[in-house]
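Secondary and tertiary structure notes
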Amino acid sequence: ALAVTGKTAGEQNGKLALAIEMLSGAVEAEDEGLAVTLAPGIYYRSRPLEGELAFVFTGPAGSYPGMGSELVLAFPQQVDKLRRQSVRLQQAAGWIYDPENCDPKNMGDESRVVAEDKLWGSAFLSYRHYGVCRDVLGLRPEATIGFCSGETNALFATGAWRDIDEMHQDLIDTGVVSTEL
């Protein structure tokens, strides 16, 4: 497995080119079966890890405008797939990427943040993370763990529950998020 991290596409591409160059020179120094750090943000392991895998779905408290934008840009097919599954989640993603919300002078202004926007923006991104892990990386968890709204996000992301648009409408109609929570 090869993992390359970076804040921008240019940084990621530069690290990928460096990784390819380093790997082509033969990486024989694998340290006792653990991943070898080739350079900051570039890791190599010649064989898969063993053990069980769980995915953790968190709640919206850590959501912020602009979150996950690199993920969405890197895997647009995942966004297209979600668009076919849920109209409401696609609309909810607007809060994340609204240029006014992403303006540094507005960042940290909690008075501008609507709880429902954070909730659904967080749900959108958690589904995209799950889609990339499953469809692109081929990861299959033995378990999912949910915290706060993460429980429902896990159920919808994995397909155990199917109609998120209906649940979204029910929450709007009942006012659960805006008045009860």
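Just so it is clear, the structure is predicted and the values come from calculations on it, not from any experiment.

Thresholds, definitions, all that
Residues numbered from 1 in each chain as written. Predicted model: local features only at pLDDT ≥ 70, side-chain atom pairs only at ≥ 80, totals over all residues. Heavy atoms only, no water. Helix = DSSP H or I, 4+ residues; strand = E, 2+ residues; numbered from the N terminus. Buried < 20%, exposed > 50% of the residue type's maximum accessible area, 1.4 Å probe, protein only. Contact = heavy atoms within 4.5 Å. Areas by Shrake-Rupley, 256 points an atom, 1.4 Å probe, with all protein chains shown as cover. Pairing = 2+ DSSP bridges. Patch = residues over 30% accessible without salt bridge, like charges linked within 9 Å, V, L, I, M, F, W, Y side chains within 5 Å. Salt bridge = Lys/Arg side-chain N within 4 Å of Asp/Glu carboxyl O. Expected span 1.5 Å × (residues − 1). Phe/Tyr/Trp six-rings, centres within 6.5 Å; stacked < 30°, edge-to-face > 60°.

Moving on, we come to the overall build of the chain. Counting its regular elements, the chain contains nine helices and five strands. Each helix and strand of the chain, ordered N terminal to C terminal, gives the series β-α-β-β-β-α-α-α-α-α-β-α-α-α. The buried share of the chain, reckoned over its 181 residues, is 34%. Across the chain, the fraction of contacts at a sequence separation of at least 24, relative to all contacts at a separation of at least 6, is 69%. Counting only carbon and sulfur atoms, one obtains 57% of the accessible surface of the chain, whose full area is about 11,200 Å².

Burial of the side chains of strand β4 (residues 54–57) is restricted to one face: F55 and F57 are buried, whereas none of A54 and V56 on the reverse face is. Both β4 and strand β5 (residues 143–146) contribute to a ladder of four bridges, which runs parallel. What sits directly across from V56, in β5, is I145.

Side chains of V136, L137 and L139 sit close together on the surface and give an oily, nonpolar patch of about 240 Å² of accessible area. Considering the arrangement of structural elements, one finds V136 in helix α6 (residues 115–136). By relative accessible area, which is 38% here, V136 ends up partly exposed.

Between the first and last C-alpha of α6 there are 31 Å, a value that for 22 residues agrees with the 32 Å anticipated at 1.5 Å per step. One or two steps after α6, the chain reaches G138, where phi turns positive at roughly 75°.

Within the fold, F75 resides in the loop between α2 (69–74) and α3 (76–85). According to the relative accessible area criterion, F75 is partly exposed, its value standing at 22%. Considered as a pair, F75 and V132 are 57 residues apart in the sequence and their alpha carbons are 7.5 Å apart.

What follows covers the pattern of salt bridges. Enumeration according to the criterion identifies two salt bridges in this entry. When the shortest N-O distance is used, the salt bridge between E11 and K15 registers 3.4 Å. Residue E11 and its partner K15 are located together in helix α1 (residues 9–24), separated by four residues, close to a single helical turn. Relative accessible area serves as the criterion here: at 34%, E11 is assigned to the partly exposed category.

The next point concerns the packing of aromatic side chains. All told, the structure shown has three aromatic pairs when counted by the stated rule. Aromatic side chains F57 and Y130 sit 6.2 Å apart centroid to centroid with 40° between the ring planes, which places their arrangement in the tilted category. Taken together, the positions of F57 in strand β4 and Y130 in helix α6 put the pair 73 residues apart, joining distant regions of the chain. When sorted by exposure, F57 lands in the same class as Y130, which is buried. An aromatic cluster of at least three residues, connected via ring pairs, comprises F55, F57 and Y130.

Our focus in this paragraph is helix α7 (residues 150–157). Taken as a whole, α7 has its buried residues at G150, N153, A154, F156 and A157. Residues of α7 that are buried in the fold lie against β4, α6, β5 and α8 (164–174). Note on α7: the residue one or two positions beyond its end, G159, has a positive phi of about 90°.

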